[in-house]
Amino acid sequence: MSNDPRPNPPHAQTPAEPSSAHADPATADLLRQTAETAASWLAGVGERPVRESATRAQLLAGFGAPLADQPTAADEVVAQLVAAAEPGLIGMPGPRYFGFVIGGSLPAALAADWLTATWDQNAGIYAAGPAASVVEEVVGAWLLDLFGLPEDTGFGFTTGCQMAHFTCLAAARHEVLRRAGHNVEEDGLADAPRITVIVSAEVHATLPTALQYLGIGRGRLVKVETDRQGRIELQSLAECLEKAEGPLIVALQAGNVNTGAFDPIADAIPMIRRRRPNAWIHVDGAFGLWAAASPRLRHLVAGLGLADSWATDGHKALNVPYDSGIAFVRNRDAHTAALSPQAAAYIAYGDVERDEFRWVPEYSRRARGFAAWAALRQLGRNGVAEMMDRQVALAQRLAAGVRAAWGVARAQVLNDVVFNQVLLRFPTASGSDADGDERTRAVVRAVQADGTAWMSGSQWHGLTVMRASVSNWSTTEADIDRTVEAIVRAARSVA
Ligand SMILES: *Cc1c(COP(=O)(O)O)cnc(C)c1O
């Protein structure tokens, strides 16, 4: 121990013991055995029931309580964890999990994520993990290129789209208030002009939540009416813009969480710019932004690059393990001013070391770039495009299969399947909405209990629906056909 406060030079050789606790062969054995356990669970995930098999009470009993006084050997701990957790696991990485919009994990991304935990780098500052910083720099640039966004756009890797919204909208708050002569980071919101936020009537719940965190208030949203597919109506947007007062943020959607539909971005952005040149335009592209990575699907997000900020996920359509969200902000000054501590608010750009904390709400954090890098590297540009095309083609196959079974299943597809979302409804012969709601809920329960596949229920335009999201890299046409059979079976069992 020395009293010298200076850090060690980077490659200083401290006179180390010949070995360390980490070099214990038992540790290597444990990791190998854990890898075996993981690989065999994954190999079986396609054939086990997708749903969990234990109740909450059984899981509680399995994990045990209270905390033991005495230590437990590491290999015993892992064995206990596996035994306690397995009955409560859902086959989420598997090919027939269609709940919410939840992708699986590409093999290279999963392996990279194991290494991320092994390396245990702190991805807050460059000095605490140079490789973790540089990999994010590289992946950020790859993504800007894939999505066709301006190349000098700022970016940050967050836990998910929720915090990507928070990041983008913090930058938006900074900038619209700066233009109104107010420094929100320094002076807070108490004396600030009120910000108006225009969103789709079918906005994803995480966007108002981000506004709640930011003190803008989720109760002050102005909602744009949507059409039958869940896209904003331009006429309604024009009226909202007309009425809006003061600093303004407008949020558009690339991928409605129910229907997968895309707002008419190419028409909406020029309209907003023309009428309200000082407005900040944000795009929720949690899964839909990935349409931009496919030449066949790109038309869905035409005009995307004209917005100010974009939020997306790696853990949905790209199939990176949790957690992986990404925020993009075109105005790097607004981005860093909103997220950085005071001392770091003004930084030079260019060939400099990137301290990640300036771009995200966290300080110490997981090195999220490694897994995202591995996913993109495994697929390549063409592989990303093909995976998105496949997700859409499989969603369309599911819709076609269900439509074809009308005679036996009495099931409807409610949306135009333009992306990876399918909305199903199971009406009754009576034609009553209430009866249809009840039957749809019963079919959702029956499909989940059957275990072949997993779909969630949702509410859409006042109706109860079953929602299928096709977002797993490993799903095949055969999986879709088995799923259609399971849906038909469930529908027949519920008159
Ligand atoms: C999933 C989703 C979100 C939230 O993303 P998280 O990664 O769960 O935080 C936001 N918007 C849309 C459209 C989504 O589908």
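Residues numbered from 1 in each chain as written. Predicted model: local features only at pLDDT ≥ 70, side-chain atom pairs only at ≥ 80, totals over all residues. Heavy atoms only, no water.

1. Examining the sheet that holds strand β7 (residues 325-329)
Note the following rule: By this definition, two strands are paired if DSSP reports at least two bridges between them. Under the DSSP-based scheme used, a helix requires at least four consecutive residues in state H or I and a strand at least two consecutive residues in state E, with every element numbered from the N terminus. All axes here are fitted lines through C-alpha atoms, helices being fitted over the stretch that makes contact, and every angle between N-to-C directions spans 0 to 180 degrees. In this analysis, two residues are considered to be in contact whenever any of their non-hydrogen atoms come within 4.5 Å of each other.
If you trace the seven strands from one edge of the open sheet to the other, you get β1-β7-β6-β5-β4-β2-β3, paired in mixed fashion. One side of each edge strand has no neighbouring strand; the edge strands of this open sheet are β1 (154-158) and β3 (221-224). Each neighbouring strand pair of the sheet contributes to a mean axis angle of 20°, computed without reference to strand direction. With three bridges joining them, strand β2 (residues 196-200) and strand β4 (residues 248-253) adopt parallel strand pairing. If you follow Ile198 over to β4, its bridge partner there is Val250. Here helix α10 (residues 265-275) sits on the sheet and contacts β4 and β5 (280-284); the angle it forms with β4, its principal contact strand, is near 175°. The sheet strands contacting helix α11 (residues 332-339) are β1, β5 and β7, and the helix crosses β1 at an angle near 40°.

2. Quick look at the site of the ligand
Which entries qualify depends on this criterion: A single heavy atom is enough: if one lies within 4 Å of a molecule or strand, its residue is considered near that molecule or strand. Contacts described as polar in this section are N or O atom pairs within 3.5 Å, which, within protein, must combine one atom able to donate a hydrogen with one able to accept it, while residues neighboring in sequence count only if both atoms come from side chains. Here the Shrake-Rupley method, with its probe set to 1.4 Å, supplies the accessible areas, and only the displayed protein chains count as covering residues. When residues are sorted by character, Ala, Val, Leu, Ile, Met, Phe, Trp, Tyr, Cys and Pro go into the nonpolar class, Asp, Glu, Lys and Arg into the charged class, and all the rest, Gly among them, into the polar class.
The environment of the ligand is formed by 14 residues, the closest being Gln162, Asp284, Asp313, His315 and Lys316. Within the backbone of Gln162, one N or O atom sits 2.8 Å away from an oxygen atom of the ligand. Asp284 places a polar side-chain atom, nitrogen or oxygen, 2.8 Å from a nitrogen atom of the ligand. When isolated, the ligand has an accessible area of 380 Å², and the protein chains bury 84% of it. Ranked by residue count, the leading element in the shell around the ligand is helix α6 (residues 161-179), at three residues. Its residues placed into classes, the shell around the ligand shows four nonpolar, seven polar and three charged.

3. Section: the sheet that holds strand β8 (residues 412-413)
The strand order across the open sheet formed by four strands is β8-β9-β11-β10, and the pairing between neighbours is antiparallel. Each edge of the sheet is formed by a strand with only one pairing partner; in this case those strands are β8 and β10 (456-460). With four bridges joining them, strand β9 (residues 421-425) and strand β11 (residues 463-469) adopt antiparallel strand pairing. Bridge pairing in β11 places Val422 opposite Ala468. Across the sheet, helix α12 (residues 369-404) is in contact with β8, β9 and β11; its angle to β9 comes to roughly 20°. Contacting β9, β10 and β11, helix α14 (residues 433-450) runs over the sheet at an angle of about 30° to β11.

4. Comments concerning the pattern of salt bridges
Put simply, the rule reads: Should a side-chain nitrogen of Lys or Arg be within 4 Å of a carboxyl oxygen of Asp or Glu, the pair is scored as a salt bridge.
Tallied over the entire structure, the rule returns 18 salt bridges. Through salt bridges with shared partners, one network takes in Glu175, Arg178 and Arg179.

5. Focus on unusual backbone geometry
In this structure, Asp323 follows Tyr322 across a cis peptide bond, with omega equal to -5°. Positionally, Asp323 belongs in the loop between β6 (309-313) and β7. At Asn319, a position not held by glycine, the phi torsion is positive, near 65°. Mapped onto the secondary structure, Asn319 falls in the loop between β6 and β7.

6. Points about the packing of α12 against helix α15 (residues 477-493)
Two measures define how a pair of helices packs: the angle their axes make with one another and the distance between the axes. We apply this condition: Helix crossings get a hand from a simple test, with the near helix turned counterclockwise from the far one by less than a right angle marking a left-handed crossing and a clockwise turn marking a right-handed one.
Axis separation between α12 and α15 bottoms out at 9 Å; the angle between their running directions is 35°. The crossing of α12 and α15 is right-handed. Residue-level inspection shows Leu394, Arg397, Leu398, Gly401 and Val402 of α12 in contact with α15, the latter providing Glu477, Ile480, Asp481, Thr483, Val484 and Ile487. Each residue belonging to the contact of α12 with α15 can be placed in one class, and the counts come to six nonpolar, two polar and three charged.

7. Structural notes on the packing of α6 against helix α8 (residues 206-213)
To be explicit about the condition: If an angle is under 35 degrees, it is roughly parallel; if it is over 145, roughly antiparallel; if it lies from 65 to 115, roughly perpendicular; otherwise it is oblique.
For the pair α6 and α8, interaxial distance at closest approach is 9 Å and the crossing angle is 50°. By the criterion of interaxial angle, the relationship of α6 to α8 is oblique. As for how α6 packs across α8, the hand of that crossing is right-handed. Taking contact as the criterion, the partners of Gln162, Met163, His165, Phe166 and Leu169 in α6 are, on α8, Thr206, Leu207, Thr209, Ala210, Leu211 and Tyr213. Here the residues of the contact of α6 with α8 are counted per class, giving seven nonpolar, four polar and no charged.

8. Thoughts on a nonpolar patch on the surface
Quick note on the threshold: Patch criteria: residues need more than 30% relative accessible area and no salt bridge. Like-charged residues are merged within 9 Å; nonpolar side chains of Val, Leu, Ile, Met, Phe, Trp and Tyr are merged within 5 Å. Under the scheme applied here, a residue whose accessible area is under 20% of the maximum for its type counts as buried, over 50% as exposed, and between as partly exposed, the area being computed with a 1.4 Å probe on protein chains only.
Where nonpolar side chains cluster on the molecular surface, the patch consists of Val134, Val138 and Trp373 and spans about 210 Å² of accessible area. Overall, the relative accessible area of 36% leaves Val134 in the partly exposed class.

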